[in-house]
Amino acid sequence: MQLVIEGLSKKYPKNKLFENFSYTFESDNVYAITGENGSGKSTFMKIIAGVIPASKGTVSIFENKKKIDKDNIHQILGITAPYLELIEEFTLKEHLEFHSKFKKLLVGINLDEEIERANLSKSINKNVQEFSSGMQQRLKLILSCCYSSEILLLDEPTSHLDIKGIAWYKDLIKRTKQKRMLLIASNELDEYNDFAKKIINIGSYLN
Ligand SMILES: Nc1ncnc2c1ncn2[C@@H]1O[C@H](COP(=O)(O)OP(=O)(O)OP(=O)(O)O)[C@@H](O)[C@H]1O
């Protein structure tokens, strides 16, 4: 699978972010999207996810050289981002059941074990609105990493996680990153340094 970006630019009325960014992302690779605060990392991830439009340029996804229709992109995308919330009135168990209707589990993943590893077993029947921010973040990461999305977008993946939570995150990524394309938008070395082969400073794409 390839994510092909051509001539991508984004500007707001009072703010130019990146300009003329072109790149081809490939499966089975981890990429870090870096840049200082306000440089446009989240904006870039939102454009790829189709949440907001670009000012210029194109984002296309190809599987075996065949372009994937925009309407089918959500099938292959997994996202964890601060602006994507869990469903407040659902319990953890209901989230897993709901997610399982749309996406298959990754081969080799046992959800009970993953919930245990994330230290969430005791909260399986709790509404997520009773969860702490760190618990919600761990659930968000399980939902994106443990289900089969060929392209995974993680924006600030360790936000709200403590030291134990960061160690858990790193282990989760190591076990689930194979064969997919993983983009991590981050300013924290801890979030990508162990896995990312390519580092793209989106803030440097400004003429
Ligand atoms: N809807 C919007 N309208 C106008 N400006 C916006 C909008 N959304 C974001 N911006 C601005 O675009 C810039 C880039 O924001 P973005 O959140 O993508 O940066 P970031 O690199 O992810 O930052 P951080 O490291 O702080 O998370 C910021 O200056 C922000 O204020």
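Residues numbered from 1 in each chain as written. Predicted model: local features only at pLDDT ≥ 70, side-chain atom pairs only at ≥ 80, totals over all residues.

With that settled, consider the site of the ligand. The ligand sits among Tyr-12, Asn-15, Leu-17, Gly-35, Asn-37, Gly-38, Ser-39, Gly-40, Lys-41, Ser-42, Thr-43 and Asn-187. Examining the composition of the shell around the ligand, we find that three residues originate from one element, helix α1 (residues 41–49), more than from any other. Classifying every residue of the shell around the ligand gives two nonpolar, nine polar and one charged. (Near = placed C-beta within 6 Å. Helix = DSSP H or I, 4+ residues; strand = E, 2+ residues; numbered from the N terminus. Nonpolar A, V, L, I, M, F, W, Y, C, P; charged D, E, K, R; others polar.)

The UniProt record annotates "domain: ABC transporter" (unreviewed entry) at residues 3–202. In residues 3–202, the share of helix is 31% and the share of strand is 26%. The end C-alpha atoms are 16 Å apart. (UniProt positions renumbered as here; feature names shortened; annotations may be inferred.)

What follows is about the sheet that holds strand β6 (residues 56–63). Read from one edge to the other, the open sheet built from four strands follows the order β4-β1-β6-β7, with strand pairing classed as antiparallel. The sheet is open, and its two edges are formed by β4 (21–26) and β7 (66–67), each paired on a single side. Pairing geometry for strand β1 (residues 2–9) and β4, over five bridges, is antiparallel. By the bridge assignment, Gln-2 is partnered in β4 with Glu-26. (Pairing = 2+ DSSP bridges.)

What follows deals with the environment of Ser-55. Position of Ser-55 relative to the elements: it lies in the loop between α1 and β6. The exposure class assigned to Ser-55 is partly exposed, which follows from the 14 C-beta atoms found within 10 Å. Residue contacts for Ser-55: discarding those within four places in its chain leaves Ser-9, Lys-10 and Lys-11. (Buried ≥ 20, exposed ≤ 12 C-beta atoms within 10 Å, placed from the backbone. Contact = placed C-beta atoms within 7 Å.)

The residue Lys-66 is located in strand β7 in this model. Note on Lys-66: 8 C-beta atoms within 10 Å, which makes it exposed. As for Lys-66 and Gln-2, which are separated by 64 residues in sequence, their C-alpha atoms are 9.8 Å apart.

Across the sheet, five strands lie side by side as β8-β9-β10-β5-β11; this open sheet has parallel pairing. On the outer flanks of this sheet lie β8 (77–80) and β11 (198–201), each paired with one strand and no other. Between one strand axis and the next, the sheet turns through 15 degrees on average, direction left out of account. With five bridges joining them, strand β5 (residues 29–34) and strand β10 (residues 181–185) adopt parallel strand pairing. Among the inter-strand pairings, Ile-33 is bridged to a residue of β10, identified as Ala-185. Sheet strands touched by helix α5 (residues 133–145): β8 and β9 (151–155). Its angle to β8, the strand with the most contacts, is close to 170 degrees. (Axes fitted to C-alpha atoms, helices over the stretch in contact; angles between N-to-C directions.)

Our focus in this paragraph is the packing of α5 against helix α6 (residues 163–176). Packed helices, taken two at a time, are described by their axes: the angle between them and the distance between them. Where α5 contacts α6, the two axes come as close as 11 Å, and the packing angle between them is 5 degrees. Viewed along their axes, α5 and α6 adopt a mutual orientation that is roughly parallel. Here Gly-134, Arg-138, Leu-141 and Cys-145 of α5 lie close against α6, whose contacting residues are Gly-165, Tyr-169, Leu-172, Ile-173 and Thr-176. Tallied by class, residues from the contact of α5 with α6 come to five nonpolar, three polar and one charged. (Parallel < 35°, antiparallel > 145°, perpendicular 65-115°, else oblique.)

This part is about the confidence of the model for the protein. On average, the protein scores 95 in pLDDT, and the residues at 70 or more come to 100%. In the predicted assembly, ipTM is 0.97 and pTM is 0.95. (pLDDT = per-residue confidence, 0-100.)

With that settled, the discussion passes to the pairing of β9. The buried fraction of β9 amounts to five of the five residues, a majority that puts the element mostly inside the structure. Side chains of β9 alternate between two faces, with Ile-151, Leu-153 and Asp-155 and Leu-152 and Leu-154 buried alike. Here β8 pairs with β9 via four bridges, running parallel. Note on β9: the bridge partner recorded for Leu-77 is Ile-151. Relative to β10, β9 runs parallel, the two sharing five bridges. Counted as the bridge partner of Ile-151 is Met-181 from β10. Note that the unit made of β9, α6 and β10 has a crossover that is right-handed. (Right-handed = clockwise from strand over helix to strand, strands pointing away.)

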